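# Descriptive analysis of the structure
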Amino acid sequence: MFATSHQSFQETGEKTSLQPIKNSHLIPTTHFHRSYPKSESHNSFIFLLDVVGFGEIFRSTVASSASSGLSRRKPSASPSPPPSAPTRIVYRERVPPSHSDLPFWQRNWFIALLFVMAIGFFALALFLFLGLDLDHGSPSSASAASSEGVEITYGTVLKLMHEKTKFRLHSHDVPYGSGSGQQSVTGFPNVDDSNSYWIVRPQPGTSAKQGDTIKSGTIIRLQHMRTRKWLHSHLHASPISGNLEVSCFGGDSDSDTGDYWRLMIEGSGKTWKQEQRVRLQHIDTGGYLHSHDKKYSRIAGGQQEVCGVREKRADNVWLAAEGVYLPITETK
């Protein structure tokens, strides 16, 4: 296409001119950078020469230049940045505050610690002193009794403690698995259980009223405060010993003679008082309210059996313990 009879290179500074000797009017002068190895821009330039028809001329000229040992200028290294200013390091010494500048609690921390411990021990002692009667579990009332000799009246809410074992007469909404299948009655070891409260009620059809004292030989009823059922007995056999079963039965408006118990005061006392030794004899069966150290092992584990026996024994003596004792009603 173009005349390529003879060609030469002229190197001038950073650029080299490709100038054919003959027919120079047909081939324009082209300037290019010579840098090795071939870069992507160099390859692109060769491709451009191929497009316009100068590819063969360029390749042959470069080959002859390489064979003749032309000097190649290495690409200059990137200029190093000017040296930066020297870094100045300043050391500052932190002076701790003097002893007098510290707060009081830091200067006298040991004294402050002793003071806090003293307040804690004082608060603990005060709590224990005021809470000595909390384990009794008595309902909050200004009339809660804690001393011996308080009269027991109708309407009083109390716990009956078995004298020999110190267990409280107890009931809960769990039926017997044998016998009558009625609500079970047991002896409970702890004093802070609300299921051990009973309300002292008079026999229906009498003139007795709330606040009246109770004399020895009087027939009374005991109503379980939580379930509202009556302390009851009958001829069914008790689960462990086979004595008379004691249960809870009925309700506020449902009561019969199976709920009647005769109060019998031990000793010379004439009226029922707190911590006075008493027996409760069932009217229908003649059995005395009784308990012993024979305990349940399954549903009521750790609780002991309460039953009825027809003989007077040391195991059927009870005392009025914790409770809310109503004052005596004055007779007009």
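Residues numbered from 1 in each chain as written. Predicted model: local features only at pLDDT ≥ 70, side-chain atom pairs only at ≥ 80, totals over all residues. Heavy atoms only, no water.

Taking an unreviewed UniProt entry as the reference, the protein is identified by name as MIR domain-containing protein belonging to Citrullus colocynthis.

### Points about the overall build of the protein
Counting its secondary structure elements, the protein contains 4 helices and 15 strands. Across the 332 residues in the protein, those meeting the buried criterion constitute 35%. Accessible area of the protein: about 20700 Å², with a carbon and sulfur share of 56%. (Helix = DSSP H or I, 4+ residues; strand = E, 2+ residues; numbered from the N terminus. Buried < 20%, exposed > 50% of the residue type's maximum accessible area, 1.4 Å probe, protein only. Areas by Shrake-Rupley, 256 points an atom, 1.4 Å probe, with all protein chains shown as cover.)

### What about the pattern of salt bridges?
Taken as a whole, this structure holds 7 salt bridges when the rule is applied. We note a salt bridge from Lys164 to Asp315, for which the minimum N-O separation is 3.5 Å. On the criterion of sequence distance, the pair formed by Lys164 in the loop between strand 4 (157-162) and strand 5 (168-175) and Asp315 in the loop between strand 14 (304-309) and strand 15 (318-324) is long-range, its members being 151 residues apart. When its relative accessible area of 57% is taken as the criterion, Lys164 is described as exposed. (Salt bridge = Lys/Arg side-chain N within 4 Å of Asp/Glu carboxyl O.)

### Digging into unusual backbone geometry
A positive phi is found at Arg228, a non-glycine position, where the angle reads about 65°. Positionally, Arg228 belongs in the loop between strand 8 (219-224) and strand 9 (230-237). With a phi angle near 60°, Glu275 is a residue other than glycine that sits in the positive phi range. Looking at where Glu275 falls in the secondary structure, it is placed in the loop between strand 11 (261-265) and strand 12 (278-282). On the basis of relative accessibility, which here comes to 38%, the residue Glu275 falls in the partly exposed class.

### Quick word on the pairing of strand 6 (residues 183-188)
On a regular strand, one side chain projects to one face of the sheet and the next to the other, so that they alternate. Burial analysis of strand 6 places 6 of its 6 residues in the buried class, which makes it a mostly covered element. Judged by which residues are buried, strand 6 turns out to be covered on both faces: Gln183, Val185 and Gly187 on one side and Ser184, Thr186 and Phe188 on the other are all buried. Looking at chain direction, strand 5 and strand 6 are connected through 5 bridges and run antiparallel. Its bridge partner being in strand 6, His170 is matched across the sheet by Thr186. Of the pairings in the sheet, the one linking strand 6 to strand 10 (residues 244-249) comprises 2 bridges and is antiparallel in character. In the strand pairing of strand 10, Ser184 is matched with Ser247. Pairing of strand 6 with strand 14, which is carried by 2 bridges, proceeds in the antiparallel orientation. (Pairing = 2+ DSSP bridges.)

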